[in-house]
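Chains, contacts and geometry: an overview
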Amino acid sequence: MTKRVALVTGASSGIGAATVRALAAAGFDTVAAARRVERCEELAREVGGRAFELDVTDDASVAGLADRLDHVDVVVHSAGGALGLDPVEKADVEQWRTMYDANVLGVLRVHQALLPKLRASGNGHVVVLGSIAGFEVYPGGAGYTGVKHAVNALCRTLRLELVGEPIRITEVAPGMVETEFSLVRFGGDAERAAAVYQGLTPLTAEDVADVVAFCVTRPPHVDVDFVVVKPVAQASATVSARRET
C-alpha cells in the first residue's frame, strides 16, 4: 500500500521536527516544511522524507507548496510561536500582529490551500499545535493567549463545519515544552529562557510528537478532538512545583 502523506509546518526545529521523526517512524511519507528549509532538508534526509520551503505568513509561499503536493492525508500545523511578555499597556503592536499572522492566519492559509487534497484523500486529518494558553490567561501574556484562544476557536469551528466529512480535527495543547520557544519569545536571551524551566522537568518536543503520532494513527472513525499535555510538575500556566536550586 502507498504510504499516507503527512505535511508538518514549522518543521525546522522543536515540536515540528520531532513530529516529522515520529510520523516517519509510524510509517508516514513525511513532508517537512518551514522557512529554514536547509534544516528541513537535513531532516528529510534523516527520515527518508521530503522538504519544502514554507512561510505560512506568505500567500504565495503557501500556494506554491500546495501546488507541489499531489496528495496529502495529514496536515500538522506546528508553525507559530510567542513574542514578548509585556503587560497590555506596554504591548508591542507589531509583536501581536506577527503572532496573529503566524499562529492564526498561518493555519488559515495552509488549511484553505490543502483542504481539497485532504477531502480527496478520503481519510484526512488536521492537527493543530495549540497551547494551554488557548484556554488560560496570565499577566503579560495577552498577546500570546489571545492568538492561542483564536486557534482553539478555529479548531472547534472546523469540527462543526466539517462534520460528516472524512476529515478529523485534533488540537494538541501542551504546557511547558523545552524547545527554542522561550529563546525566541525573549529575543535570544538564553538566561531568561532557561529560567522558565528552572527547578522542574519540562516536556520535550518528542513527548508532544508522540501525542500527535498517537492521534493520527487511530482508526479512521476515531477523532481525538482535544488533548492537553503538561509536565507532572505543572498544574496551570502560572502554578508549578519547582525544586530549590
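Heads up: these notes are all about the structure in this document.

Conventions used here
Residues numbered from 1 in each chain as written. Predicted model: local features only at pLDDT ≥ 70, side-chain atom pairs only at ≥ 80, totals over all residues. Heavy atoms only, no water. Helix = DSSP H or I, 4+ residues; strand = E, 2+ residues; numbered from the N terminus. Rg over C-alpha atoms; globule rule 2.2 N^0.38 Å. Buried < 20%, exposed > 50% of the residue type's maximum accessible area, 1.4 Å probe, protein only. Contact = heavy atoms within 4.5 Å. Areas by Shrake-Rupley, 256 points an atom, 1.4 Å probe, with all protein chains shown as cover. Pairing = 2+ DSSP bridges. Axes fitted to C-alpha atoms, helices over the stretch in contact; angles between N-to-C directions. Core = buried A, V, L, I, M, F, W, Y, C linked by side-chain atoms within 4.5 Å. Polar contact = N/O pair within 3.5 Å; in protein donor to acceptor, adjacent residues only side chain to side chain.

**Some points on the overall build of the chain**
- Regarding its fold elements, the chain presents eight helices and seven strands.
- Here the C-alpha radius of gyration of the chain, 17 Å, is about what a compact globule of 245 residues would show, namely 18 Å.
- Seen along its three principal axes, the alpha-carbon backbone of the chain occupies a region of about 55 × 35 × 35 Å.
- Here the chain, with 245 residues, has 47% of them falling under the buried criterion.
- Taking the contacts inside the chain whose residues are at least 6 apart along the sequence as the reference set, 69% of them involve residues at least 24 apart.
- Of the roughly 11,800 Å² of accessible surface on the chain, a fraction of 53% belongs to carbon and sulfur atoms.

**Observations regarding the sheet that holds strand β6 (residues 167–174)**
- Strands sit in the order β3-β2-β1-β4-β5-β6-β7 across an open sheet of seven strands; the sheet is parallel. Both outer strands of the open sheet, β3 (50–53) and β7 (226–229), are each paired with one neighbouring strand and no more. Each strand of the sheet is rotated relative to its neighbour by a mean of 15°, with strand direction disregarded.
- Sheet topology note: the strand β4 (residues 74–77)/strand β5 (residues 124–129) ladder contains four bridges and is parallel. Across the sheet, His77 pairs through a bridge with Val128, a residue of β5.
- Strands β1 (5–9), β4, β5 and β6 of the sheet are contacted by helix α4 (residues 93–121), whose axis makes an angle of about 165° with β4.

**As for the nonpolar core**
- Leu7, Leu69 and Leu114 are the most contacted members of the largest nonpolar core, which has 33 residues in total.
- Of all the secondary-structure elements, those providing two or more residues to this core are β1, β2 (29–34), α3 (59–68), α4, β5, α5 (142–161) and β6.
- At seven residues, α4 tops the list of elements feeding residues into this core.
- One finds Val20, Phe28, Ala213 and Val224 within the second-largest nonpolar core, a separate group that totals 32 residues.

**Some details on the environment of Leu23**
- As for its position among the elements, Leu23 is in helix α1 (residues 14–25).
- Overall, the relative accessible area of 0% leaves Leu23 in the buried class.
- For Leu23 and Val216, which are 193 residues apart along the polypeptide, the C-alpha to C-alpha distance reads 8.7 Å.
- In this structure, Leu23 is in contact with Ala6, Val8, Phe28, Thr30, Val76, Ala213 and Val216, ignoring residues within four places of it in sequence.

**Looking at the environment of His71**
- Tracing the chain through its elements places His71 in the loop between α3 and β4.
- His71 sits 49 residues away from Ala120 along the chain, and the two C-alpha atoms are 8.1 Å apart.
- Those residues within four positions of His71 in sequence are excluded, and the remaining contacts are Val5 and Ser121.
- A polar contact of 3.0 Å, which involves the side chain of His71, links it to the side chain of Asp73.

Interpretation note: all reported values are geometric properties and have no functional meaning in isolation.
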